[in-house]
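What follows is the residue order along each chain.
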Amino acid sequence: MQSTGFFNATDWQQWVMIGIACILLYLAIVKKFEPLLLLPIAFGMLLTNLPIAEMYHTELFAGGHVDWANFQNSAGLLDYLYLGVKLGIYPPLIFLGVGAMTDFGPLIANPKSLLLGAAAQLGIFIALILALLIGFAPNVAASIGIIGGADGPTAIYVTSKLAPEYLGPIAVAAYTYMALVPVIQPPIMKLCTTKKERSIKMEQLRHVSKREKIIFPIAVTIFVSLLVPSATPLVGMLMLGNLLRESGVCDRLSNTAQNELMNIVTIFLGVSVGATTNGSVFLSATTVGIIVLGVIAFSGGTLGGVLLGKLMCKLTGGKVNPLIGSAGVSAVPMAARVSQKVGQAENPSNFLLMHAMGPNVAGVIGSAVAAGVLLSLFG
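Residues numbered from 1 in each chain as written. Predicted model: local features only at pLDDT ≥ 70, side-chain atom pairs only at ≥ 80, totals over all residues. Heavy atoms only, no water.

Where an unreviewed UniProt entry is consulted, the protein chain appears under the name Sodium ion-translocating decarboxylase subunit beta, with the organism given as Christensenella massiliensis. For the record of the protein chain, the UniProt heading Subcellular location (unreviewed entry) holds the text "Cell membrane". (UniProt positions renumbered as here; feature names shortened; annotations may be inferred.)

(A) Broad picture of the pattern of salt bridges. Inspection of every chain in the model, using the stated rule, returns six salt bridges. Its salt-bridge partner being Glu197, residue Lys310 comes within 2.9 Å of it at the nearest N-O pair. Of this pair, Lys310 sits in helix H20 (residues 285–315) while Glu197 sits in helix H14 (residues 195–198); the two residues are 113 residues apart in sequence, bridging distant segments of the chain. Lys310 gets classed as buried once you look at its relative accessible area, which sits at 18%. Under the relative-accessibility criterion, Glu197 is labelled buried at 11%. One network of salt bridges, in which partners are shared, links Lys195, Arg198 and Glu346. (Salt bridge = Lys/Arg side-chain N within 4 Å of Asp/Glu carboxyl O. Helix = DSSP H or I, 4+ residues; strand = E, 2+ residues; numbered from the N terminus. Buried < 20%, exposed > 50% of the residue type's maximum accessible area, 1.4 Å probe, protein only.)

(B) Layout of the layout of surface pockets. By volume, the largest pocket amounts to about 850 Å³. Considering the residues around the largest pocket, the lining is formed by 29 residues, among which Glu34, Val98, Met101, Met262 and Val332 are closest to the centre. Every element with two or more residues in the lining of the largest pocket is listed here: helix H3 (35–48), helix H6 (90–101), helix H12 (167–179), helix H18 (260–275), helix H21 (334–346) and helix H22 (353–378). Of the residues that constitute the lining of the largest pocket, the class distribution is 20 nonpolar, five polar and four charged. Estimated volume of the second largest pocket: approximately 370 Å³. Considering the residues around the second largest pocket, the lining is formed by 18 residues, among which Leu114, Phe223, Val224, Ile365 and Val369 are closest to the centre. (1 Å grid on protein atoms, 1.4 Å probe; cavity = no way out; pocket = protein on both sides within 12 Å on 5 of 7 lines; lining within 4 Å. Points joined across faces, edges and corners; volume = space filled by probe spheres on them. Nonpolar A, V, L, I, M, F, W, Y, C, P; charged D, E, K, R; others polar.)

(C) Broad picture of the nonpolar core. By size, the foremost hydrophobic cluster in this structure holds 112 residues, and its most contacted members are Phe61, Leu78, Phe104, Ile144, Ile156, Phe216 and Met239. Top element by residues in this core is H22. It accounts for eleven residues. (Core = buried A, V, L, I, M, F, W, Y, C linked by side-chain atoms within 4.5 Å.)

(D) View of the packing of H12 against H20. Axis separation between H12 and H20 bottoms out at 10 Å; the angle between their running directions is 35°. The two elements H12 and H20 cross, and the hand of that crossing is right-handed. Contacts between H12 and H20 involve Pro169, Ile170 and Tyr177 from the first element and Thr287, Ile290, Ile291, Val292, Gly294, Val295 and Phe298 from the second. Split into classes, the residues belonging to the contact of H12 with H20 amount to eight nonpolar, two polar and no charged. (Axes fitted to C-alpha atoms, helices over the stretch in contact; angles between N-to-C directions. Left-handed = near helix turned anticlockwise from the far one by under 90°. Contact = heavy atoms within 4.5 Å.)

(E) Spotlight on a nonpolar patch on the surface. A cluster of nonpolar side chains, namely Leu122, Ile126, Ile129, Leu130, Leu133, Val288, Val292 and Ile296, defines an oily patch on the protein surface of about 660 Å² accessible area. Those elements that provide at least two residues to the nonpolar patch are helix H9 (122–134) and H20. Assignment of secondary structure puts Val292 in helix H20. (Patch = residues over 30% accessible without salt bridge, like charges linked within 9 Å, V, L, I, M, F, W, Y side chains within 5 Å. Areas by Shrake-Rupley, 256 points an atom, 1.4 Å probe, with all protein chains shown as cover.)

(F) Structural view of the side chain of Thr159. As for its placement among the helices and strands, Thr159 is situated in helix H11 (residues 152–162). Given a relative accessible area of 0%, Thr159 falls into the buried group.

Laid out in structure tokens, this is it:
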């Protein structure tokens with residue numbers, strides 16, 4: 001009897017975390033909030049908080065370092081899986097899969113949309129500054145700010161490097177807000193634009209040649225890696241995946257990156273992140289602050305993209321619909337679909353999806369570059 005979890009379940013925080021895990025499972029399964037990652041995260045949260053299950057040991061990763069001396073003797077299953085996060089392996093592999101699934105054609109056809117993707121990173125730096133003013137340490141503030149990029153793997157990558165003790169709350173906040181893109185973005189978009197601006201129809205994008213699509217990932221890798229070396233793991237793997245797709249000579253590798261590899265790494269990443277949700281850290285005022293600053297970061301990113309979209313609309317004489325700026329956050333392709341939906345609600349003949357995909361995929365690159373900048377400054 002004394003060896004059972006029922007007998008040893010004396011920590012109230014464990015039971016609260018198990019309850020939160022069940023709520024997140026409900027949101028993933030019933031409400032379909034980013035289920036591909038929220039479900040593994042929630043189940044990892046459940047496993048790590050089960051009394052005496054010994055699946056994950058926080059002490060093995062204390063101080064930001066792996067206690068290799070005691071690892072072999074005391075590590076549980078989730079400790080081994082978490083090494084993929086700790087060593088920075090899983091997020092770049094996710095980016096490999098994302099690159100293999102992404103068509104950068106709309107961005108290449110309209111290079112100006114790269115500016116919209118950059119403007120949508122505004123939320124990262126707004127949240128960073130606010131977190132510093134509130135009193136968060138610079139490394140934690142940077143990890144909170146990256147939520148504004150609306151890119152879960154990037155948030156995990158930066159946090160695992162800068163503030164691993166807050167990986168659970170930041171990852172849960174990042175993926176929750178990604179799932180709430182259709183709820184958070186439309187009010188901001190409508191508040192910042194007029195009905196006339198939302199009704200603007202944009203010209204059809206030009207055709208992008210295969211040669212351009214092949215040169216693009218190579219050129220971006222070289223330029224970004226020279227500009228921000230810390231962003232190379234994310235941007236490099238993103239562009240490798242895209243080159244596998246566009247080259248036309250690596251279909252097997254491209255398909256593997258898009259499907260088998262992506263699915264396996266998603267499971268490992270989600271469960272590993274869930275394992276870090278220790279009650280003593282998660283159930284605190286700090287977590288509340290992270291959640292509040294996270295929504296500010298996300299809203300700031302949407303605002304930055306829309307405001308630059310309005311400026312581009314004026315400079316081009318009304319040829320750019322400001323709504324596509326909101327897609328500059330890197331929640332692909334959900335943010336682009338929201339731009340399409342809001343625009344079509346004002347003008348049923350309006351089709352903004354492909355135009356919005358330019359800023360959307362630019363946002364993926366932008367969030368990776370922003371991550372590299374933060375790692376350079378605070379790493």
